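Reading the structure
So the chains spell out like this:
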Amino acid sequence: MTTRAGFVALIGEPNAGKSTLTNRMVGAKVSIVTHKVQTTRARIRGVTIEGESQIVLVDTPGLFKPRRRLDRAMVAAAWGGVADADLTVLLVEAHRGITDGVSAILDGLAETAKGRRVALAINKIDRVEAPDLLALTEALNARYDFEQTFMISAERGHGVEALRKWLAEQMPEGPWLYPEDQIADLPMRMIAAEMTREKLTLRLHQELPYQLTVETESWVERDDGTARIDQIVYVMRDGHKGIVLGNKGETIKAVSKAAREELEEFLGRKVHLFLQVKVRENWLEEAARYREMGLDFRDGN
Ligand SMILES: Nc1nc2c(ncn2[C@@H]2O[C@H](COP(=O)(O)OP(=O)(O)OP(=O)(O)O)[C@@H](O)[C@H]2O)c(=O)[nH]1
Ligand SMILES: [Mg+2]
């Protein structure tokens, strides 16, 4: 049997649906998803098998015009994903079309991805009519020489099988890169922190999600088969701490419950999750915070 294996980088604007597609193809939630932009902060690898092929999906942070150090490190991580991949899939939102952001990514591809294999996936087709889709496909292919165009709904699953079958055929011949049953390549402590960050992002308004980070401080396996997980939520101001805690601690309690439930489902066992909120004015300038997120601090320079 000839096996195949390779890396597929998923890139696109924030909110394009890269993480939703990753989870859909893996068949489990390995990357967090929210309706807000800039949810994914580092490269998250999800693994899936199709026939004789092992496809390693590299979910990346959205590409946008960076302002802060964290933004720059995120964007660098996304382009780094393209550089390391056998194939790149650009996701474009069907109903938004060629925005300034998409245009900038197309320019970036022309500059950095020369000689690299790039396919196009127009996502969220559930939100548009067919004629609009054809026009968008033509316009995008006029801007960049994509190997293939797929029309998908990552959320509903339309077109995802065709994309997956095609990707499987494109993977280079070689031994599988991960054990057959592995679905993600991310330390469990990071997956756990991401789950909490997702619940916080879903519950907090405006800028706050962008100004906090979550770290798993300790993970203790107990004799009774349960795990005790302690996490720290870093915020930048006292006022933010109050908001994250909520009235009588109700916000943090709800977040903790939702994150714990998801963790228990993922791990298939009972978890005791303890969250602590700490004010750290300067966490956005601390190398250790970036390391914990899986980002390169120097990329932010
Ligand atoms: N209607 C519709 N919504 C979708 C589809 N795919 C994803 N979404 C929604 O789009 C939003 C963003 O999805 P994500 O998967 O987090 O997007 P992302 O590209 O990973 O975003 P960043 O991590 O911020 O770069 C979520 O609310 C998803 O539910 C789709 O096919 N149709
Ligand atoms: Mg994402």
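See above for the structure.
Let me sum up the structure you'll find in this document.

1. Overview of the site of ligand 1
Around ligand 1 lies a shell of 23 residues, among which Lys18, Thr20, Gln38, Thr39 and Glu155 are the nearest. A distance of 2.9 Å is found between an oxygen atom of ligand 1 and a side-chain nitrogen or oxygen belonging to Ser19. Gln38 is positioned with one of its backbone polar atoms (N or O) 2.8 Å from an oxygen atom of ligand 1. When ligand 1 is considered free in solution it has 650 Å² of accessible area, and contact with the protein chains removes 91% of it. Among the detected pockets, ligand 1 sits in the largest pocket. In terms of residues, the shell around ligand 1 owes the most to one element, helix H1 (residues 18–26), which gives three residues. Taken together, the residues of the shell around ligand 1 sort by class into five nonpolar, twelve polar and six charged.

2. As for the layout of surface pockets
Counted as a void, the largest pocket has a volume near 400 Å³. Around the largest pocket, the lining comprises 23 residues; the ones closest to its centre are Asn15, Gly17, Thr20, Thr34 and Lys124. The leading source of residues in the lining of the largest pocket is H1, at three residues. The calculated volume of the second largest pocket comes to roughly 210 Å³. Together, 13 residues line the second largest pocket, and Ala42, Arg43, Arg45, Leu186 and Gly294 are the ones closest to its centre.

3. Considerations on the pairing of strand E8 (residues 213–221)
Across eight bridges, E8 lies against strand E9 (residues 227–235) in antiparallel orientation. If you follow Val220 over to E9, its bridge partner there is Arg228. Hairpin connection, E8 to E9: the antiparallel pair is bridged by five residues, and Gly225 has positive phi, about 90°.

4. Brief notes about the coordination of the magnesium ion (ligand 2)
Six octahedral donors around a metal ideally subtend angles of 90 or 180 degrees, whereas four tetrahedral donors ideally subtend 109.5 degrees. Distances from the magnesium ion (ligand 2) to its protein donors, Ser19 (OG) and Thr40 (OG1), fall at 2.0 to 2.1 Å. Residue Ser19 is located in helix H1, and its partner Thr40 is located in the loop between H1 and strand E2 (44–50); the two are separated by 21 residues in the primary sequence.

5. Thoughts on the sheet that holds E9
Pairing is mixed in the open sheet, where three strands are placed in the order E8-E9-E10. In this open sheet, the two strands that pair with only one neighbour each are E8 and strand E10 (271–279). Put simply, the sheet's adjacent strands are angled 20° from each other on average, direction ignored. Seen against the sheet, helix H6 (residues 188–203) touches E8, E9 and E10 and runs at an angle of roughly 130° to E8. Relative to E10, helix H8 (residues 250–267) is tilted by about 140°, and along the sheet it contacts E8, E9 and E10.

Rules used in this analysis
- Residues numbered from 1 in each chain as written.
- Chains lettered and ligands numbered in written order.
- Predicted model: local features only at pLDDT ≥ 70, side-chain atom pairs only at ≥ 80, totals over all residues.
- Heavy atoms only, no water.
- Near = heavy atom within 4 Å.
- Polar contact = N/O pair within 3.5 Å; in protein donor to acceptor, adjacent residues only side chain to side chain.
- Areas by Shrake-Rupley, 256 points an atom, 1.4 Å probe, with all protein chains shown as cover.
- 1 Å grid on protein atoms, 1.4 Å probe; cavity = no way out; pocket = protein on both sides within 12 Å on 5 of 7 lines; lining within 4 Å.
- Sits in = over half its atoms within 2 Å of the grid points.
- Helix = DSSP H or I, 4+ residues; strand = E, 2+ residues; numbered from the N terminus.
- Nonpolar A, V, L, I, M, F, W, Y, C, P; charged D, E, K, R; others polar.
- Points joined across faces, edges and corners; volume = space filled by probe spheres on them.
- Pairing = 2+ DSSP bridges.
- Donors = N, O, S within 2.8 Å, 3.2 Å for Na, K, Ca; no water.
- Axes fitted to C-alpha atoms, helices over the stretch in contact; angles between N-to-C directions.
- Contact = heavy atoms within 4.5 Å.

It is worth stressing that arrangement in space is one thing and function is another; only the former is reported here.
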